[in-house]
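Secondary and tertiary structure notes
One letter stands for each residue in the lines below.
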Amino acid sequence: MSDSTPAGATPSRPARPAQPLVPGEPAVPGAPPAVREPAHVPVAHVVRGGVIEGVHHGSVVVLAADGSVEFRAGDIEAAFYPRSALKPVQAVGLLRAGLPALDSESLALTAASHSGEELHLATARRILDGAGLTEDDLRNVPDLPYDPAVRDEWIRAGRGPSRLAQNCSGKHAAMLMTAKARGWPLENYLDPGHPLQREIASMVEELTGQAIAQVTVDGCGAPLFAVSLRGLTRAAARIATAAPGTDEGRIAHAMREHPEMVSGSGRDVARLMRAVPGLLAKDGFEGVQIVALPDGRAVGVKIADGADRARMPVTAAALVRCGIDPEVLAGFDRAPVIGGGQEVGTLRAAGALAPFFAPSAGVVPPAPSAA
């Protein structure tokens, strides 16, 4: 997906005073988050041969089961774009807008950034077929499969970019199905003023508990809504704790039942959901990650420079803050640093998150305090 997006337009919805969120009651959106330069802090170190070679800055929030902030680092209140980490919220919005009944695999794909595996393409086709539509009706940008191995095989077969292979095709197929079911125009379903997108925007505000700060265009062509990291994490918690049968509960169940549809068979998001029973996880471009547990504990991560390699080690360290056993998170908590074909260092969480994993070889101790 392209990282270039046109300047957004501020939504016309008026700001409202912030209201507390009461479990089990609909959220009353408050004022939009401030649009400013986020005050990120160091959250990960790249250590090579005992020396800190690189520092990733970012912001992290950990919510307790009651929704209160248990831990924060950096700027969790500034407006930012969640990218594809917003997809579970958009999927709930599609259900609220009238998305017809789908099987669980298809419903999981509506919240997915899929790898382009055949199971993903077949499921996206099934959604389109159910609406009497074809790939030609999609308006997401053509692309190659996201997973490198799948992409290589795709290219060897002489296949070029396609809308179906693009990682957001499940969401777009579901958007088209919903628009058709409601009798809304199909050709402009990505317009922020389209009734479908207005319904989705309303759900974003309801679940995040705040008005949208800005609207732009995501890499796939769909509207993208700016919220805060805290608001996004709050939305993830609300989905993860929703009662079965509710729109939120249906999305949560589908994602838990089919983690391979939410990302890909071997992707870290799917592996994390399998490793921690009941956990919901969704990643997004530019170093965004949300995870939420069935009791409402939740984590939101934004890596400032967009580096994907820092996303999961920082998330794993934050999950330890939630009480998850570090041994369960082994393999997610670090990324190897390679030299000469061998591991010579590691990328791990830093700053206030660093003490929550035992130090390993090559980890540099924090700087001493000034005398």
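As the structure is a prediction and not an experimental result, all values here were calculated from the model.

Procedures and definitions
Residues numbered from 1 in each chain as written. Predicted model: local features only at pLDDT ≥ 70, side-chain atom pairs only at ≥ 80, totals over all residues. Heavy atoms only, no water. Helix = DSSP H or I, 4+ residues; strand = E, 2+ residues; numbered from the N terminus. Buried < 20%, exposed > 50% of the residue type's maximum accessible area, 1.4 Å probe, protein only. Lys, Arg positive; Asp, Glu negative; His and termini not counted. Salt bridge = Lys/Arg side-chain N within 4 Å of Asp/Glu carboxyl O. Pairing = 2+ DSSP bridges. Expected span 1.5 Å × (residues − 1). Contact = heavy atoms within 4.5 Å. Axes fitted to C-alpha atoms, helices over the stretch in contact; angles between N-to-C directions. Parallel < 35°, antiparallel > 145°, perpendicular 65-115°, else oblique. Left-handed = near helix turned anticlockwise from the far one by under 90°. Nonpolar A, V, L, I, M, F, W, Y, C, P; charged D, E, K, R; others polar. Core = buried A, V, L, I, M, F, W, Y, C linked by side-chain atoms within 4.5 Å. pLDDT = per-residue confidence, 0-100.

**Structural notes on the side chain of Lys171**
Of note, Lys171 is situated in helix H5 (residues 169-182). Asp218 provides the closest opposite charge to the buried, salt-bridge-free Lys171, at an N-O distance of 4.8 Å.

**Overview of the pairing of strand E8 (residues 288-292)**
Most of E8 sits out of view: five of its five residues are buried. Here E8 shows no split at all, with Val288, Ile290 and Ala292 on one side and Gln289 and Val291 on the other all buried. In terms of strand pairing, strand E7 (residues 280-284) meets E8 through five bridges, oriented antiparallel. The residue bridging Gly284 from the neighbouring strand is Val288, located in E8. Turn length for the E7-E8 hairpin, with the two strands adjacent in sequence and antiparallel, is three residues, and the turn residue Glu286 shows positive phi of about 65°. Where E8 and strand E9 (residues 298-303) come together, five bridges link them in antiparallel fashion.

**Points about H5**
Within an α-helix, residues lying three or four positions from one another point in the same direction, as the helix has 3.6 residues per turn. Relative to the 20 Å expected for 14 residues at 1.5 Å per residue, H5 spans 20 Å between its end C-alpha atoms, a close match to the ideal helical length. What H5 keeps buried is the set Ser169, Gly170, Lys171, His172, Ala173, Ala174, Met175, Leu176, Met177, Thr178 and Ala179. Where the residues of H5 are buried, they touch helix H1 (87-97), helix H2 (104-109), helix H3 (118-130) and helix H6 (195-208). Positioned one or two residues after H5, Gly183 has a phi angle of 75°, which is positive.

**Here's the deal with the pairing of strand E6 (residues 223-228)**
Consecutive residues of a regular strand have side chains that alternate between opposite faces of the sheet. Burial analysis of E6 places six of its six residues in the buried class, the great majority of the element. Side chains of E6 alternate between two faces, with Pro223, Phe225 and Val227 and Leu224, Ala226 and Ser228 buried alike. Looking at chain direction, strand E4 (residues 79-80) and E6 are connected through two bridges and run antiparallel. Bridge assignment links Ala79 to a residue of E6, and that residue is Ser228. Between strand E5 (residues 214-217) and E6, which pair antiparallel and follow one another directly, the connecting turn spans five residues, one of which, Gly221, has a positive phi of 105°.

**A look at unusual backbone geometry**
In this structure, Arg83 is a non-glycine residue whose phi angle is positive, near 50°. Look at Arg83 and you get buried, because its relative accessible area is 7%. With a phi close to 65°, Glu286 is a non-glycine residue in the positive phi region. Note on placement: Glu286 falls in the loop between E7 and E8.

**Considering the packing of H1 against H5**
Orientation of H1 relative to H5, taken along the N-to-C sense of each, is 15°, at an axis distance of 10 Å. What the angle tells us is that H1 and H5 run roughly parallel. Relative to H5, H1 is oriented so that their crossing is left-handed. Residues Lys87, Gln90, Leu94 and Ala97 of H1 form the contact with H5, whose own contacting residues are Lys171, Ala174, Met175, Thr178 and Arg182. For the contact of H1 with H5, the per-class residue count stands at four nonpolar, two polar and three charged.

**Structural notes on the pattern of salt bridges**
Summed over all chains, the structure comprises 17 salt bridges. As a salt-bridge pair, Asp75 and Arg36 come within 2.8 Å of each other at their nearest N and O atoms. Here Asp75, found in the loop between strand E3 (69-73) and E4, pairs with Arg36, found in the segment before strand E1 (41-48); they are 39 residues apart in sequence, far enough to count as distant. Of the residues examined, Asp75 reaches a relative accessible area of 11% and is grouped as buried. Classification of Arg36 by relative accessible area gives partly exposed; the value is 40%. A salt bridge links Arg334 to Glu343; the nearest nitrogen and oxygen atoms lie 2.3 Å apart. Here Arg334 falls in the partly exposed class, since its relative accessible area comes to 28%.

**Looking at the nonpolar core**
Counting residues in each nonpolar core, the largest one holds 105 residues, and the members touching the most others are Val60, Leu272 and Leu279. With eight residues, the single largest contributor to this core is helix H11 (residues 308-321). Here Val60 is in contact with Val43, Phe71, Arg72, Ala73, Ile76, Leu229, Gly300, Val301, Val314, Ala318 and Leu353, once residues within four sequence places are set aside.

**Brief notes about the confidence of the model for the chain**
Averaged over all residues, the pLDDT of the chain equals 90, while 88% of them reach at least 70. When the criterion is pLDDT under 50, residues 367-371 qualifies, and its contacts beyond four places in sequence or with other chains add up to zero contacts.

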